[in-house]
Amino acid sequence: MSVHPQSSALSTPCASAKRSPWKEIAAASIGNALEFYDLLIYGYFAVVIGKLFFPSENETTSLLLSVGTFGISFLIRPLGAMVLGSYADRKGRKASLTLSITIMMAGTALIAFAPTYAQIGIASPIIIIVARMLQGFSTGGEFGAATAFMVEHAAAERRGFFASWQLSTQGLATVVAGGVSALLSYSLSDAQLNDWGWRVAFCFGLLIGPVGLYIRSQIDETPDFKKVANSTSPKSPLLEVLIKDRVNLLLAIGVVSGATAFNYVHKLYMPTYALKQLHIQATSSYLGAMITGLTLMIMAPIFGTLSDVHGRFRVLTIALLITGFSSYPLFLLLTSFPTVLTLFTVQAMVGILIAACLGPIPAMLADIFPTRTRGTGLALSYNFSITLFGGFAPLIVTWMIDVTDNKMMPSFYVMATAVISVVSVLFLGRRMSRNAAS
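A quick note: this is a predicted structure, and the numbers were derived from the prediction, not measured.

As for the overall build of the protein
Consideration 1: Looking only at helices and strands, the protein has 21 helices and 0 strands in total.
Consideration 2: The C-alpha atoms of the protein give a radius of gyration of 21 Å, which matches the 22 Å a tight globule of 438 residues would have.
Consideration 3: Expressed as lengths along the three principal axes of its C-alpha atoms, the size of the protein is roughly 60 × 40 × 35 Å.
Consideration 4: Counting the 438 residues in the protein, one finds 61% classified as buried.
Consideration 5: Long-range pairs, those at least 24 residues apart, make up 87% of the contacts in the protein between residues at least 6 apart in sequence.
Consideration 6: When the accessible surface of the protein is summed, it comes to about 16,100 Å², and 69% of that surface belongs to carbon and sulfur atoms.
Consideration 7: In the protein, which carries 29 positive and 20 negative side-chain charges, the distance between the mean positions of the two groups comes to 9 Å.

Now the structure itself:
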């Protein structure tokens, strides 16, 4: 099995002479931010959605069903990665990006206008589940196509920086989702928020969807894809990745595991944790998430640049070790001093750590898959890891806290995945060095 650490550079002899890719990066980023806004807003309103669509006499059961439905969409993400990732390698990054945002808009519309359980009974949660599956399918193809699009428009020596905008725009999505949620919870009464206010958040994403769709329809295909299109494009990118690059795929899944667990526990689940476990008001908990997103948005390109200068493996290994060791102290600080100031401070630190871990990862994953199967390899590795270690993280840690009555349990989950990630990074680094030497 071959490894392709420099495949992208080799496929572009004049990579360093490429023009500035800011137009294309901005176009991909806007759509990427919209996709992840729609993903995040469901998690932020999990408590409200649980009451309206998954009613139960036990409030914890209702919340478990709601976050469980959030996790169900992640079961579909690998399918979206297979279909849309392969589509990106056969028909182009632009075609895949345009299709993914269209599917995401359909899922968001279903949630925004879905009747509640009180109105139509069991059909109501079924609609939500179908909508989440559509969103999961769309997001499954987004990472691979968007990251491939970004790195293939960038010069080889700056791919870490430009690929990190994939995560920076996820930070932007968190800022917008947290800001919209905070504004709604501050402006509306609980009754208004539960009745119709939460729908406004989804409609906001739905309204800006056509803008993202139009922008993506106007961008050019990547030069790297144009060079390999038709002449060397595999008939089945999926089979090629699963057979020829299966070891790289497994190691890449492990690499992403620690970062994604930390991301979903400390960023996406935190508003629910702050509300239910720390008894901090909803507005403040959403502002805490907004702070995390703002920090991630600013810091991700910085760590992406550091990976260009000092190497992806070195930067990522250090970041993962710090992240693994810091999760317990961060939760201990929150539970010992459950104040708004503590929450904001911790969430700012979380944003830096997420950026340190996730900033170098997109370019690292792009380096190990060749252009002809890059969209599929990126999509599969990222989304399988997200499904296994991230998507069900809110459900797992909610269950762990409920069973043990220990508010520190989320930190143990993060630490376990950090170990998996560090080991995978070390093995992948040795593998790439060995193949480069041969």
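Alright, that's what it looks like, and here's the rest.
Observations concerning the pattern of salt bridges
Consideration 1: Summed over the entire model, instances satisfying the criterion amount to 8 salt bridges.
Consideration 2: Close ionic contact of E142 with R216 constitutes a salt bridge, the shortest N to O distance being 2.5 Å. Of this pair, E142 sits in helix α7 (residues 123–152) while R216 sits in helix α10 (residues 190–217), and the two are 74 residues apart along the sequence. Take E142 and R216: they sit in the same class, and that class is buried.
Consideration 3: The salt bridge partner of R312 is D367, with a shortest N-O separation of 3.2 Å. In this pair, R312 is assigned in helix α16 (residues 312–336) and D367 in helix α18 (residues 361–367), connecting sequence segments 55 residues apart. For the pair formed by R312 and D367, the shared burial category is buried.

With respect to the side chain of T342
Consideration 1: Mapping T342 onto the fold places it in helix α17 (residues 340–358).
Consideration 2: Residue T342 is classed as buried on the basis of its relative accessible area of 11%.
Consideration 3: A polar contact of 2.9 Å, which involves the side chain of T342, links it to the backbone oxygen of F337.
Consideration 4: Within polar-contact distance, the side chain of T342 engages the side chain of T339 at 2.8 Å.
Consideration 5: If we skip the residues at most four places from it in the chain, T342 touches L333, L334 and F337.

Focus: the side chain of S124
Consideration 1: Within the secondary structure, S124 sits in helix α7.
Consideration 2: Within the local environment of S124, its side chain forms a polar contact with the backbone oxygen of P115, the two atoms lying 2.6 Å apart.
Consideration 3: What S124 contacts, discounting residues up to four positions off in sequence, is F53, P115, T116 and Y117.

What about the packing of aromatic side chains?
Consideration 1: Considering all chains together, one arrives at 9 aromatic pairs under this definition.
Consideration 2: Ring plane angle 5° and centroid distance 3.6 Å describe the contact between F143 and Y382, whose orientation is recorded as stacked. Of this pair, F143 sits in helix α7 while Y382 is found in helix α19 (residues 374–391), placing the two residues 239 residues apart along the sequence.
Consideration 3: Of the residues examined, F143 reaches a relative accessible area of 0% and is grouped as buried.

Considerations on unusual backbone geometry
Consideration 1: At H279, a residue that is not glycine, the phi angle is positive and equals roughly 60°.
Consideration 2: With respect to the helices, strands and loops of the structure, H279 is situated in the loop between α14 (270–276) and α15 (282–310).
Consideration 3: For H279, a relative accessible area of 62% corresponds to the exposed category.
Consideration 4: Unusually for a residue other than glycine, D405 sits at a positive phi of about 55°.

Some points on the packing of α7 against α19
Consideration 1: Direction vectors running N to C along α7 and α19 enclose 130°, while the axes themselves pass 8 Å from each other. Classed by the angle they form, the pair α7 and α19 counts as oblique. Both α7 and α19 take part in a crossing whose hand is right-handed. Listed contacts from α19 to T139, G140, F143, G144, T147, A148, V151 and E152 of α7 are R374, G375, L378, A379, Y382 and N383.

Focus on helix α5 (residues 93–112)
Consideration 1: Over its 20 residues, α5 extends 29 Å from the first C-alpha to the last, a length consistent with the 28 Å expected when each residue adds 1.5 Å.
Consideration 2: Turning to α5, its buried residues number three or more, namely R93, S96, L97, S100, I101, I103, M104, M105, G107, T108, I111 and A112.

Some remarks on the packing of helix α13 (residues 246–268) against α19
Consideration 1: Put simply, α13 and α19 touch, their axes get as near as 7 Å, and they point 50° apart. Regarding the angle of α13 to α19, the classification is oblique. Of the two elements, α13 crosses α19, and the hand of that crossing is right-handed. Facing α13, whose interface residues are L249, A252, I253, V256, S257, T260, A261 and Y264, α19 presents G377, L380, S381, Y382, F384, S385, I386, L388, F389 and G390.
Consideration 2: Classifying every residue of the contact of α13 with α19 gives 12 nonpolar, 6 polar and no charged.

Concerning the environment of E35
Consideration 1: By the element assignment, E35 lies in helix α2 (residues 22–44).
Consideration 2: Measuring from C-alpha to C-alpha, the distance between E35 and E142 comes to 8.0 Å, with 107 residues separating the pair along the chain.

Focus: helix α20 (residues 393–404)
Note that an α-helix has 3.6 residues per turn; residues three or four places apart therefore point the same way.
Consideration 1: Here α20 spans 16 Å end to end across 12 residues, near enough to the 16 Å set by a 1.5 Å rise per residue.
Consideration 2: All buried positions along α20 are accounted for by A393, P394, V397, T398, M400 and I401. Mapping the buried residues of α20 onto a view down its axis gives an arc of 160°, with all of them on the same face. Within α20, the exposed residues directed more than 90 degrees away from the buried face are W399 and V403.
Consideration 3: D405, located one to two residues past α20, shows a positive phi value of around 55°.

What counts, and at which threshold
Residues numbered from 1 in each chain as written. Predicted model: local features only at pLDDT ≥ 70, side-chain atom pairs only at ≥ 80, totals over all residues. Heavy atoms only, no water. Helix = DSSP H or I, 4+ residues; strand = E, 2+ residues; numbered from the N terminus. Rg over C-alpha atoms; globule rule 2.2 N^0.38 Å. Buried < 20%, exposed > 50% of the residue type's maximum accessible area, 1.4 Å probe, protein only. Contact = heavy atoms within 4.5 Å. Areas by Shrake-Rupley, 256 points an atom, 1.4 Å probe, with all protein chains shown as cover. Lys, Arg positive; Asp, Glu negative; His and termini not counted. Charge placed at Lys NZ, Arg CZ, Asp CG, Glu CD. Salt bridge = Lys/Arg side-chain N within 4 Å of Asp/Glu carboxyl O. Polar contact = N/O pair within 3.5 Å; in protein donor to acceptor, adjacent residues only side chain to side chain. Phe/Tyr/Trp six-rings, centres within 6.5 Å; stacked < 30°, edge-to-face > 60°. Axes fitted to C-alpha atoms, helices over the stretch in contact; angles between N-to-C directions. Parallel < 35°, antiparallel > 145°, perpendicular 65-115°, else oblique. Left-handed = near helix turned anticlockwise from the far one by under 90°. Expected span 1.5 Å × (residues − 1). Nonpolar A, V, L, I, M, F, W, Y, C, P; charged D, E, K, R; others polar. Arc of directions from axis to C-beta.

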